Amino acid sequence: MEETESDYLKQINQLFASGRSKTYPKSQLIHYQGDPLTQIYLVKSGFVKAYTILESGDTRTILLLGAGDIFPLAFASTMDWSDYNIHYFYQSLVDTELAALPAKELMEHLRSDPAAMNTYMAYLSASNEIIMNQLEVMKNKKAIDKVCLLLPYLISKSGKQIKPDIYELQLKLSHQELADLSGVTRETTTTLLKQLENLGIIDQKHGKWQVNTIALNKMLEGKR
């Protein structure tokens, strides 16, 4: 029988059944890049961003994490996390609830339960693919392409369908945060968002972005 998304989320939640609930207010730093891996978290509600700081001092947001996501991501080739350092900074974007497990406890669970290990590795593989896709977005030479290619990702992480082909982003992102995600300047992002509004691809209602996927797909198909 084919596994459904709800089954997969149940398996993810089961990994953290004994996790301790922790809450973080908006904009609180949860982990620094380079911290030792002592705790692993499951996002129960809210949003977390994973980001790095470039040598230039610019910030690059690598991932947005929502309900059902696990972090920090441990891309170790073995399950020995005792000397593993965290690759990114992690910060809450809104008031966020997490389930926290000691990394050692989760590691022992994964080692003793093949089904749990398969669930974790499937999540890790999917996350790695998302990161690679985000890096491809940032490598795109045209700024407007970077922003357009970012929109499907934002819909997948925080979009709520409110009408046929219309999705409202539940996460309020600033122009600077959108710039960090797409790899362009804030000033350019502001200009491009205005262009996308004029094209009917996005619309801002009550402080939230709405995305017209038909208009977006037409634009993306025209660039292939």
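Source: prediction; values computed, not measured. (Residues numbered from 1 in each chain as written. Predicted model: local features only at pLDDT ≥ 70, side-chain atom pairs only at ≥ 80, totals over all residues. Heavy atoms only, no water.)

K.L.:
Mind showing me how you'd approach the environment of L65 here?
P.N.:
As for its placement among the helices and strands, L65 is situated in strand β5 (residues 59-65). With relative accessibility at 3%, the residue L65 sits in the buried group. Sequence separation between L65 and L181 is 116 residues; the distance between their C-alpha atoms is 13 Å. When near neighbours in sequence (up to four residues on either side) are disregarded, L65 contacts V43, G46, F47, V48, F71, Y90, Y123 and K157. (Helix = DSSP H or I, 4+ residues; strand = E, 2+ residues; numbered from the N terminus. Buried < 20%, exposed > 50% of the residue type's maximum accessible area, 1.4 Å probe, protein only. Contact = heavy atoms within 4.5 Å.)

K.L.:
Is there a simple way to explain helix α6 (residues 186-198) in this structure?
P.N.:
Given 3.6 residues to a turn, an α-helix orients residues that are three or four positions apart in the same direction. Across its 13 residues, α6 extends 19 Å between first and last C-alpha, which sits within 8% of the 18 Å expected from 1.5 Å per residue. Taken together, the buried positions of α6 are T189, L192, L193 and L196. Along the long axis of α6, the arc covered by the buried residues comes to 105°, so they all point the same way. At the exit of α6 stands G200, carrying a positive phi of roughly 80°. (Expected span 1.5 Å × (residues − 1). Arc of directions from axis to C-beta.)

K.L.:
Help me out: how do you make sense of the environment of V211 in this one?
P.N.:
Residue placement: V211 occurs in strand β12 (residues 208-212). With 161 residues separating them in the primary sequence, V211 and A50 have C-alpha atoms 23 Å apart. For V211, the contacting residues outside a window of four places in its chain are L151, I155, D165, I166, Y167, L169, I201, I202 and L216.

K.L.:
Would you mind showing me how to read the nonpolar core here?
P.N.:
If you look at soluble globular proteins, the nonpolar side chains tend to sit buried side by side. Formed by 66 residues in total, the largest nonpolar core has its most connected members in F16, F71, W81, Y90, L154 and L196. With eight residues, the single largest contributor to this core is helix α4 (residues 143-158). If we skip the residues at most four places from it in the chain, F71 touches I30, I40, Y41, V43, V48, L65, Y90 and L98. (Core = buried A, V, L, I, M, F, W, Y, C linked by side-chain atoms within 4.5 Å.)

K.L.:
So what exactly am I meant to see when it comes to the pairing of strand β10 (residues 166-169) here?
P.N.:
On a regular strand, each side chain points to the face opposite its neighbour's, so the side chains alternate between the two faces of the sheet. In this structure, strand β9 (residues 159-163) lies alongside β10, joined through four bridges in antiparallel fashion. Looking at the pairing, K163 lines up with I166 of β10. What sits between β9 and β10 in their antiparallel hairpin is a turn of two residues, with D165 showing a positive phi close to 70°. As judged from the three bridges shared by β10 and β12, these two strands associate in the antiparallel manner. (Pairing = 2+ DSSP bridges.)

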